Amino acid sequence: MDWLGTIKRGFFVGLETAWSLGKIIFPVTLIVGVLQYTVVIEWLVKLVSPLMKLFGLSGEAAIPLVLGNVLNLYAAIGAILSLDLTVKEVFIIAMMLSFCHSLLVETSIAKKVGVSIWVAGGIRMLLAAFSAWVIHLVWRGGNERATYGLIPQSEEVTGWLEIAWNAIEHASIGVFQLAAIVIPLMIGIQWLREKQWLAAFSRWMRPFTRMLGMNENTSTTFAAGILFGISFGAGVLLQAVKEDGVKKRDLYLVFIFLSTCHAVVEDTLIFVPLGIPVWPLLVIRLTLAIILTMLVASAWKRITNSQGKEVRYEN
């Protein structure tokens, strides 16, 4: 039957994409999973602690920020639970981590897709710092102690053998989770593509992508990235680059938007148990993503027009 052929083609595309991304995620997660039990994390915390005062944070606030960037949001939240912080401090940390987390893995994925790691990582770090600084200056409240909900903390791990096994386990689970989402996603996209529904979806998204200065073939990437995050959005983008001839400008604009605003459901709800207002997190991220992407698109267009040519992404 024809639908079986569609599923088969989508499955192999998803498998190829998961393998490509897994080769990045597994070693990075493994290495960082081991390093978190060494003096490396402690050294990083001491390095960035003096900067915390600029954002109205205590020195110990560097711990969740470092863990969130080298590991993930869950590690950062685990660290927050062990700290005595105010609501304002927790909100500032959450805002910074909303923009800038899992930096090693996600900038590596950006490089795999074809985006400069300096663009992918630099924008997120600048936005995290700028937003924290503004909140520190503008918000005068939130000085009460933060109270946390019931969030399970990580188990204690001792001994190098157990540390290594724990790192391998987490890296393997990370790749498995990625494949569990990417493969069905690619099957669905293949079905939409062959049924011509993907073209219709692109037409529906045309006003939004046009507003951001991008072509309509980026709409599927937007949906995947906003809902699932950069890793899974990158999986869709890899396929779009191969089959749809995505322009270099659109490639960068997509990643600028997703670097600012991605995985909006998970990355927003994950902070609810920390007792902070989460709607501002989403509104600020979405607003900055739209403004920043439009500004970059406008500047890129002027530069392109002055050069009289359009640059395409080369795989």
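The rules we used
- Residues numbered from 1 in each chain as written.
- Predicted model: local features only at pLDDT ≥ 70, side-chain atom pairs only at ≥ 80, totals over all residues.
- Heavy atoms only, no water.
- Helix = DSSP H or I, 4+ residues; strand = E, 2+ residues; numbered from the N terminus.
- Buried < 20%, exposed > 50% of the residue type's maximum accessible area, 1.4 Å probe, protein only.
- Expected span 1.5 Å × (residues − 1).
- pLDDT = per-residue confidence, 0-100.
- Contact = heavy atoms within 4.5 Å.
- Core = buried A, V, L, I, M, F, W, Y, C linked by side-chain atoms within 4.5 Å.
- Salt bridge = Lys/Arg side-chain N within 4 Å of Asp/Glu carboxyl O.

Participant: Sorry if this is basic, but what is going on with the environment of R206 here?
Facilitator: With respect to the element layout, R206 can be found in helix α9 (residues 197–211). A relative accessible area of 30% means that R206 is categorised as partly exposed. Each C-alpha atom, one on R206 and one on S219, is 7.8 Å from the other, the two residues being 13 residues apart in sequence.

Participant: What exactly am I supposed to notice about helix α14 (residues 279–307) here?
Facilitator: Residues lying three or four places apart along an α-helix face the same way, a consequence of the helix completing one turn every 3.6 residues. The end-to-end C-alpha distance of α14, which contains 29 residues, comes to 42 Å, matching closely the 42 Å that a straight helix rising 1.5 Å per residue would cover. Of all the residues in α14, the buried ones are L281, L282, R285, A289, T293, A297 and T304.

Participant: How do you make sense of the confidence of the model for the protein chain when you look at a structure like this?
Facilitator: Note that predicted coordinates carrying low pLDDT should not be read in detail. Within the protein chain, residue pLDDT values average 78, and 80% of them lie at 70 or more. Across residues 311–315, where pLDDT falls below 50, the model places 15 contacts with residues more than four positions away in sequence or in other chains.

Participant: Looking at this structure, how should I read the nonpolar core?
Facilitator: Nonpolar side chains in soluble globular proteins generally cluster together in the buried interior. L57, I93, M96, F271, I276 and L281 are the most contacted members of the largest nonpolar core, which totals 44 residues. Breaking this core down by element, the ones donating at least two residues are α3 (62–70), α4 (73–80), α5 (87–99) and α7 (117–138). The element contributing the most residues to this core is α5, with 10 residues. Once residues within four sequence positions are removed from consideration, L57 is found in contact with M52, L65, E89, I92, I93 and M96. Of all hydrophobic cores here, the second largest spans 20 residues; its members include V113, M214, Y252 and F255.

Participant: I would appreciate a short explanation of the environment of I256 in the present structure.
Facilitator: As for its placement among the helices and strands, I256 is situated in helix α12 (residues 248–260). For I256, a relative accessible area of 5% corresponds to the buried category. Considered as a pair, I256 and G121 are 135 residues apart in the sequence and their alpha carbons are 9.9 Å apart. When near neighbours in sequence (up to four residues on either side) are disregarded, I256 contacts I123, L292, T293 and V296.

Participant: Looking at this structure, I do not really get the pattern of salt bridges. What am I missing?
Facilitator: Think of it this way: side chains of opposite charge can pair up when their charged atoms draw near. Evaluated as defined, the whole model comprises 2 salt bridges. A salt bridge links E106 to R124, with the nearest nitrogen and oxygen atoms 2.7 Å apart. Placement of the pair is E106 in helix α6 (residues 103–113) and R124 in helix α7, with a sequence separation of 18 residues. When its relative accessible area of 9% is taken as the criterion, E106 is described as buried.

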